[in-house]
Protein chains: 2
Amino acid sequence: MGEAELSLAAVRDALVREEDSIVFALIERARRPRNAPAYAPAAGGGGGGRSLAEFFVREAEVLHAKAGHYQKPEDVPFFPQDLLSPLFPTKDYPKVLHSFASSVSVNDAIWKMYFNKLLPLFTVDGDDGNYAETVALDFACLKALSRRIHIGKYVAEVKFKDASQDYSPLIRAKDTKALMNLLTFKAVEEKVKRRVEKKARIFGQNVTLEDNADKQEGNAGDSECKVNPEVLSKLYDLWVMPLTKDVEVEYLLRRLD
Amino acid sequence: MGEAELSLAAVRDALVREEDSIVFALIERARRPRNAPAYAPAAGGGGGGRSLAEFFVREAEVLHAKAGHYQKPEDVPFFPQDLLSPLFPTKDYPKVLHSFASSVSVNDAIWKMYFNKLLPLFTVDGDDGNYAETVALDFACLKALSRRIHIGKYVAEVKFKDASQDYSPLIRAKDTKALMNLLTFKAVEEKVKRRVEKKARIFGQNVTLEDNADKQEGNAGDSECKVNPEVLSKLYDLWVMPLTKDVEVEYLLRRLD
């Protein structure tokens, strides 16, 4: 995001583009098997009993912050307490959200979902020893998922501005359930699920020159896709869209402060 | 790589899979405009006059090395002098290449090619201020390109093993040109170029539910692809395949030491 003018169309475009990044990141992570040792608490140097995955994400976030990342409200670190100030000049962004926006985070839930639920769904059992590469690929998945979900702050702001008369009484009543209902459009959610599934099918196919040009989604069945397309549909259904709405509700509840 | 048994088929599969990673990485980088300030020497803190891009790649490589990366001969750092030993246990890989393999590197040439030649071809002019994100995306491109090109070490080893009687006299004569000829298969190179172009067309399309299902490569012309497919063909033609062969020749010249 970062447009001076916030519109629902621009926010939707950002969400749609982020789908590609999520599918790419998952396809890349699926190159490697589960690699469980990367997630076990490690005795060895510097990690302080942390897993390699946690060590890597913490240190990578420190580096990204030094380079100037995490300035925008949709870029939310998983370990904000570790971060240093940027060493390089950064640009100011148009402030279209309320000032508390940066503190709205569901990253703890994303972390647990990713490692406990999602990872076993799209990686094969096994250990090929490429632990460092594996956790770098995990970090890319986490970042893409987190960004997509925290763009919910912009969704909430746009929807609030378009219908503040509907939202304001519910916000004042702290009626989380009614807010959630107001933010839920089943037909739209079904479309999103079908679209990410289609993206997984197209982006995860094995492209060869011999393919017939008569099928957009390749000749292969889903089992030959690098990530099962149904996993994407499930990811969005069970976690990405609900967590995005959690972000929206959390943002809205403080919108009148 | 990492198989105990080295075969040309396995090496080719690795090269083909790496194409997807390169296309994905370029598509992701193309989300952002050129963002020239990320590449200018920076006065500000910690960078020591280095550009943000160089600062980021150096520090990212330090982190990846601490996590255990750069153990395998196809994973070659751009700044090897900066690296620390892994802080976490790593697995040994089957040593299928000669021991000098890790020191064969064309990363200086890849670095110059990427920033001076390739980047202007697939990013639009402009400055959106997302410098930290931009250089992280550059790092992903550099890593994927470098890995693809340095898999050439395995190509060379396989080809040498299959026809050492052809290679050995040329190696002893240090006949670089004849080695290069022996490693060049124009028909195969044309196929690779067409395949990466096709991958850019398929992976870089804007997928919508409304697409007709009658074209694998989408309804859009190349101008609507996130990265112009011709850039991929050109990248492979002018730089990736020649640099891969440079790696192969450099490896072969020391193969009989």
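These figures come from a predicted structure and were not determined experimentally.

Peer 1: Help me out: how do you make sense of the pattern of salt bridges in this one?
Peer 2: Should the charged atoms of two oppositely charged side chains come close, the side chains can pair. For the structure on display, the rule yields 53 salt bridges over all chains. With a closest N to O distance of 3.2 Å, Glu-59 of chain A and Lys-66 of chain B form a salt bridge. Of the two residues, Glu-59 of chain A is situated in helix H2 (residues 52-66) and Lys-66 of chain B in helix H2 (residues 52-66); the pairing between them involves two chains. We note a salt bridge from Glu-133 of chain A to Arg-147 of chain B, for which the minimum N-O separation is 3.1 Å. Taken together, the residues span two chains, with Glu-133 of chain A in helix H4 (residues 131-150) and Arg-147 of chain B in helix H4 (residues 131-150). You can call Glu-133 of chain A buried: its relative accessible area is 7%. For Arg-147 of chain B, a relative accessible area of 9% gives the class buried.

Peer 1: What am I meant to see in the interface of chain B and chain A here?
Peer 2: For an interface, size is often stated in terms of accessible area lost upon the parts coming together. The interface is formed by 63 residues belonging to chain B together with 63 residues belonging to chain A. In total, about 5300 Å² of surface goes out of reach between chain B and chain A, with carbon and sulfur atoms giving 58% of it. Along the contact surface separating chain B from chain A lie 13 salt bridges. Between Asp-127 of chain A and Lys-91 of chain B there is a salt bridge, with its nearest N and O atoms 3.4 Å apart.

Peer 1: How should the confidence of the model for chain A be read in this particular structure?
Peer 2: As a general rule, the predicted coordinates of low-pLDDT regions are not to be interpreted in detail. Looking at chain A, pLDDT values average 93 and 93% of them are 70 or higher. This complex was scored by the predictor with a pTM of 0.95 and an ipTM of 0.95.

Peer 1: Help me understand the side chain of Lys-159 of chain A in this model?
Peer 2: Residues and elements named next belong to chain A. Turning to its location among the elements, Lys-159 is positioned in helix H5 (residues 152-162). Glu-248 provides the closest opposite charge to the buried, salt-bridge-free Lys-159, at an N-O distance of 4.2 Å. Excluding residues that lie within four positions of it along the chain, Lys-159 makes contacts with Tyr-167, Leu-183, Phe-185 and Glu-248.

Peer 1: Honestly, the side chain of Arg-29 of chain A in this entry has me stumped. Any pointers?
Peer 2: You can see Arg-29 of chain A is positioned in helix H1 (residues 8-29). If sequence neighbours within four positions are ignored, Arg-29 of chain A has contacts with Arg-34, Tyr-39, Tyr-114, Leu-119, Phe-122, Thr-123, Thr-134, Leu-137, Asp-138 and Cys-141 of chain A.

Peer 1: Would you explain helix H9 (residues 229-253) of chain B in this entry?
Peer 2: Residues spaced three or four apart along an α-helix point in a common direction, a consequence of the helix completing one turn every 3.6 residues. Residue and element names in this part refer to chain B. The first and last C-alpha atoms of H9 sit 35 Å apart over 25 residues, in line with the 36 Å expected at 1.5 Å per residue. The largest bend in H9 amounts to roughly 45° and is located at Tyr-236. Where H9 begins, the capping side chain belongs to Asn-228, and its oxygen is found 2.9 Å from the backbone nitrogen of Glu-230.

Peer 1: Please clarify how H4 of chain A should be interpreted in this entry.
Peer 2: In this model H4 of chain A runs 28 Å from its N-terminal to its C-terminal C-alpha over 20 residues, within 8% of the 28 Å that 1.5 Å per residue would give. In terms of residue burial, H4 of chain A counts as a mostly covered element, since 18 of its 20 residues are buried.

Peer 1: Is there a simple way to think about the relation of the copies chain B and chain A in this case?
Peer 2: Placing chain B over chain A gives an RMSD of 0.0 Å and needs a rotation angle of 180°, together with 0.0 Å of translation along the axis. Taken together, the rotation angle and the small translation identify this as a two-fold axis.

Peer 1: Help me understand the environment of Val-11 of chain B, please; the structure alone is not making it clear to me.
Peer 2: Residues and elements named next belong to chain B. Along the chain, the position of Val-11 falls in helix H1 (residues 8-29). Judged by relative accessible area, which is 1%, Val-11 ranks as buried. The sequence separation of Val-11 and Val-155 amounts to 144 residues, and the corresponding C-alpha distance is 6.5 Å.

Peer 1: Help me out: how do you make sense of the packing of aromatic side chains in this one?
Peer 2: Given two aromatic rings, one states the distance between the centres and the angle between the planes to describe the pair. Scanning all chains against the criterion turns up 21 aromatic pairs over all chains. Summarising the aromatic geometry, the rings of Phe-56 of chain A and Phe-139 of chain A are spaced 6.3 Å apart at their centres and angled 75° between planes, so their arrangement reads as edge-to-face. On the criterion of sequence distance, the pair formed by Phe-56 of chain A in helix H2 and Phe-139 of chain A in helix H4 is long-range, its members being 83 residues apart. Using a relative accessible area of 2% as the deciding quantity, one classes Phe-56 of chain A as buried. Exposure remark for Phe-139 of chain A: the relative accessible area of 6% places this residue in the buried category. Judged by centre distance (5.0 Å) and plane angle (50°), the ring pair of Phe-24 of chain B and Phe-203 of chain B falls under tilted. Of this pair, Phe-24 of chain B sits in helix H1 while Phe-203 of chain B sits in helix H8 (residues 186-203), and the two are 179 residues apart along the sequence. Comparing Phe-24 of chain B with Phe-203 of chain B shows no difference in burial state: the two are buried. Members of the aromatic cluster, connected to one another through ring pairs, are Tyr-39, Phe-78, Phe-79, Trp-111, Tyr-114, Phe-115 and Phe-122 of chain A. In this structure, Lys-72 of chain A is placed above the aromatic ring of Tyr-93 of chain A, and the distance from its NZ or CZ to the ring centre is 5.0 Å.

Peer 1: Just checking my understanding: could you explain unusual backbone geometry for this structure?
Peer 2: Its identity is not glycine, yet Tyr-70 of chain A carries a phi of approximately 70°, on the positive side. Structurally, Tyr-70 of chain A can be placed in the loop between H2 and helix H3 (107-122). What makes Tyr-70 of chain A buried here is its relative accessible area of 14%. Phi at Asn-35 of chain B is positive, roughly 55°, even though this residue is not glycine. Tracing the backbone through its elements, the reader meets Asn-35 of chain B in the loop between H1 and H2. When its relative accessible area of 0% is taken as the criterion, Asn-35 of chain B is described as buried.

Conventions adopted
- Residues numbered from 1 in each chain as written.
- Chains lettered and ligands numbered in written order.
- Predicted model: local features only at pLDDT ≥ 70, side-chain atom pairs only at ≥ 80, totals over all residues.
- Heavy atoms only, no water.
- Salt bridge = Lys/Arg side-chain N within 4 Å of Asp/Glu carboxyl O.
- Helix = DSSP H or I, 4+ residues; strand = E, 2+ residues; numbered from the N terminus.
- Buried < 20%, exposed > 50% of the residue type's maximum accessible area, 1.4 Å probe, protein only.
- Contact = heavy atoms within 4.5 Å.
- Buried area = accessible area lost by both parts, 1.4 Å probe.
- pLDDT = per-residue confidence, 0-100.
- Lys, Arg positive; Asp, Glu negative; His and termini not counted.
- Expected span 1.5 Å × (residues − 1).
- Bend = angle between axes of the 7 residues up to and from the residue.
- Polar contact = N/O pair within 3.5 Å; in protein donor to acceptor, adjacent residues only side chain to side chain.
- Least-squares fit on C-alpha atoms with pLDDT ≥ 70 in both.
- Phe/Tyr/Trp six-rings, centres within 6.5 Å; stacked < 30°, edge-to-face > 60°.
- Lys NZ or Arg CZ within 6 Å of the ring centre and 35° of its normal.

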